[in-house]
Amino acid sequence: MEDVLWAVVVGFIIAFILAFAVGANDVANSVGTSVGAKVLTLRQACILASVFELLGAVLIGARVSDTIRKGIVDVNVYNGTEELLMFGNVAALSGSGIWLLVATFFRLPVSTTHSIVGATIGFTLVAAGTNGVNWSKVGLIIGSWVISPIMSGLITSVFFKFVEFFILKKDNAAERGLKFLPGFYAFTLIINLFSIFYTRTPLLGFDKIPLYGVFILSFGGGLLTGLMVWLFVVPWMRRKIQEIQEESKANMSQSQSMWRQSIEHFANAFPITIIGNSVKYDKAQIINEKADSKDEEENLKNAASPPNGVIAPENGIIVPADANMNAKEKSYSPEANGHICNGDVVTNGDVVSNGDIASKEDTHYGTLLSKDVEEKLEDHEDPTSHLHIEETKDRPEVGKLFQFLQVLTAGFGAFAHGGNDVSNAIGPVVALWLVYQEGSVAQKSATPLWILAYGGAGMIIGLWVWGRRVIKTIGEDLTAITPSSGFTIEIGAATTVLIASNIGIPISTTHCKVGSIVFVGWLRSKASVDWKLFRNIVFAWIITLPVAGGVSAGIMALLRLAL
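Conventions adopted
Residues numbered from 1 in each chain as written. Predicted model: local features only at pLDDT ≥ 70, side-chain atom pairs only at ≥ 80, totals over all residues. Heavy atoms only, no water. Helix = DSSP H or I, 4+ residues; strand = E, 2+ residues; numbered from the N terminus. Buried < 20%, exposed > 50% of the residue type's maximum accessible area, 1.4 Å probe, protein only. Contact = heavy atoms within 4.5 Å. Areas by Shrake-Rupley, 256 points an atom, 1.4 Å probe, with all protein chains shown as cover. Core = buried A, V, L, I, M, F, W, Y, C linked by side-chain atoms within 4.5 Å. Domains from an automatic or database assignment. Phe/Tyr/Trp six-rings, centres within 6.5 Å; stacked < 30°, edge-to-face > 60°. Lys NZ or Arg CZ within 6 Å of the ring centre and 35° of its normal. Patch = residues over 30% accessible without salt bridge, like charges linked within 9 Å, V, L, I, M, F, W, Y side chains within 5 Å. Salt bridge = Lys/Arg side-chain N within 4 Å of Asp/Glu carboxyl O. Axes fitted to C-alpha atoms, helices over the stretch in contact; angles between N-to-C directions. Parallel < 35°, antiparallel > 145°, perpendicular 65-115°, else oblique. Polar contact = N/O pair within 3.5 Å; in protein donor to acceptor, adjacent residues only side chain to side chain. Expected span 1.5 Å × (residues − 1).

(A) Spotlight on the overall build of the protein chain. Scanning the protein chain for helices and strands turns up 17 helices and 7 strands. Burial analysis of the protein chain (563 residues in total) assigns 50% to the buried set. Sequence-distant contacts in the protein chain: of pairs separated by 6 or more residues, those separated by 24 or more amount to 75%. About 25,700 Å² of surface is accessible on the protein chain, with carbon and sulfur atoms providing 61% of the total.

(B) Focus on the nonpolar core. Counting residues in each nonpolar core, the largest one holds 116 residues, and the members touching the most others are L181, F402, I426, V429, L478 and V514. Formed jointly, this core draws a minimum of three residues from each of two domains, domain 1 (2-145 + 404-479 + 544-562) and domain 2 (169-270).

(C) Representation of the packing of aromatic side chains in the model. Going through the model one piece at a time under the given rule, you end up with 24 aromatic pairs. Ring centres 5.7 Å apart and planes at 5° place the aromatic pair F12 and W450 in the stacked group. Of this pair, F12 sits in helix α1 (residues 5-26) while W450 sits in helix α13 (residues 449-466), and the two are 438 residues apart along the sequence. For W450, a relative accessible area of 47% gives the class partly exposed. With centroids separated by 6.1 Å and ring planes inclined at 20°, the aromatic side chains of F180 and F184 adopt a geometry described as stacked. With F180 and F184 both in helix α7 (residues 173-197) and 4 residues apart, the pair spans about one turn of that helix. Residue F180 is classed as partly exposed on the basis of its relative accessible area, which comes to 23%. Here F184 falls in the buried class, since its relative accessible area comes to 10%. The rings of F162, F165, F166, F180, F184, F402 and F487 are connected pair by pair, giving a single aromatic cluster. The cationic tip of R469 hangs over the ring face of F105; the distance from NZ or CZ to the ring centre is 5.4 Å.

(D) Structural view of a nonpolar patch on the surface. Among the surface-exposed residues, I47, V51, L55, I461, W464 and V465 lie close enough to one another that they form a single nonpolar patch of about 500 Å² accessible area. Elements represented by at least two residues in the nonpolar patch include exactly α3 (42-70) and α13. Its location among the elements puts V51 in helix α3.

(E) Geometry of the packing of α13 against helix α14 (residues 468-477). Where α13 contacts α14, the axes come no closer than 6 Å and their chain directions differ by 75°. The orientation of α13 with respect to α14, classified from their angle, is roughly perpendicular. Facing L463, V465 and W466 of α13, the residues of α14 in contact are R468, R469 and I471.

(F) Local environment of the side chain of D394. For D394, the position within the fold is in the loop between α11 (383-391) and α12 (396-438). Side-chain polar atoms of D394 contact the side chain of T482, separated by 3.1 Å. A polar side-chain atom of D394 sits 2.9 Å from a polar atom in the side chain of S484. Setting aside residues up to four positions removed in sequence, D394 forms contacts with L168, G399, T482, P483, S484 and R524.

(G) Highlighting the pattern of salt bridges. In total, this model carries 6 salt bridges according to the counting rule given. Among the ionic pairs, E243 bridges to K240, the shortest N-O distance being 3.9 Å. Of the two residues, E243 and K240 are both situated in helix α8 (residues 211-269); the distance of 3 residues between them amounts to about one turn of the helix. Given a relative accessible area of 45%, E243 falls into the partly exposed group.

(H) Spotlight on unusual backbone geometry. Residues other than glycine seldom take positive phi values, yet K38 does so here, at roughly 65°. Structurally, K38 can be placed in the loop between α2 (28-36) and α3. In the Ramachandran plot, R107 falls in the positive-phi region, its phi being about 60° despite a non-glycine side chain. Secondary-structure assignment places R107 in the loop between α4 (82-105) and α5 (112-128).

(I) Layout of helix α16 (residues 509-524). With 16 residues, α16 ought to run about 22 Å at 1.5 Å a step, and its terminal C-alpha atoms sit 23 Å apart, in line with that. Most of α16 is tucked away: 12 of the 16 residues are buried. Residues of α16 that are buried include every one of T510, H511, C512, K513, V514, G515, S516, I517, V518, V520, G521 and R524, and no others.

(J) Structural detail: the environment of S34. Looking at the element boundaries, S34 is found in helix α2. Taking the C-alpha atoms as reference, S34 lies 8.5 Å from Q403; in sequence the two are 369 residues apart. Each residue touching S34, except ones within four places of it in the same chain, is listed here: V39, L40, Q406, A410 and E490.

Below you can see the structure in the form of structure tokens.
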């Protein structure tokens, strides 16, 4: 086998590039929501993921790499032509790596598992024809394009609605959250411990634990953690929440005082009459009152507009006149939309003089309604978008409850991801190495730990160098994420992967996470989801298998011609 040593060397180089691409694209699944919810900074997320991804890769990565090496294609068809199988693995590494780098460049989270499976099928079709492919596995993978996001989205929706109904929509949300906190920690530990123990990885001796032992360890660890949280964490968290609430009240009092001072300043500078639910400011005298009669309201409407006017609505937003703009001009450029210029309001490029706001319903002299201010203050923006962003913000004390829970789920997610997805990077190179060492396609030896560590290191470097691109897509661009919704997304996706993988349903962690994010965003507000981005992501999922397979098949064909 000395004459094919070059294939082993080239394979290891390409495998590192593939691991880099896996880290840059797929690690976003484990930490993207934590960054989007502002629970972790990008740097903190990278540190957390680096530690747990590497631990997962080394400790539980060997089991999945066996499936990638021998579960997708029938390696027995290469008996007597071992070199052909080695060339095929080089092609598979290349095809998968190229597609993942392209997807990462366009900030699209795709399934690395589907990428390497597609690439493996591609070289097999060239080398051994259709007989070498396990087509039933391929059919299940195609089915997972629909099953993964919908199943995860539905399970996550149940978790989110539970949290929303029992905690987020209650007046005493923080106190209600404290009561549920031990249960949340217990459930999180049970799900993740069961996932780890049930891998039955021989390196940690988990293969010797019977099923009832897995249940005892998982539920025992979860319940013990819940008890510790109830005894120690809840009292400490209650004190922290009280501090946040007191600080919030102090800040509100200070902001109200500053607002009043600013009104007084403008009132001293200008005689101001505001007609918007009949709020009146006149010199230093500030009166908040509603008109008691139609006559009184009419008198306010007929009041003279101030010279070089300042118009303010009931909600306290003050828009000073823009002296740099010429009030005599009959029209302004569209960029001036919403500005008030010497008493003139520019709306859609037209001047409505003397501070009038024209609408389809009616026109009021000197009147600026609150809804008009919302529409006019932000240029080139959808006024409703700000409302949706506000809706998705947790109260500070409620966000505090879920912050560490989300960090905990992110850590477990990174550990599971390292164990599962490092195999995508190193599965073919392990096959290369073992075929070279044994001279047989059977690959009976165990996956070497040093190759697992090699793949884990490549993933970590990819995360640090290029991971921010897809992390931004997952954590920020699809929809706004808060600590509470982030926790439900993490635990919902983890539960889905655990259930589906143990009943034989093929699942992609990427598809699960994206499905959970979109479902939660849709439940909060349909307009808060970037549906165009989601459409592009789904399109990338669909073409992952054929594109990676096509590139791999092309490289395999070139290798056969050249060698």
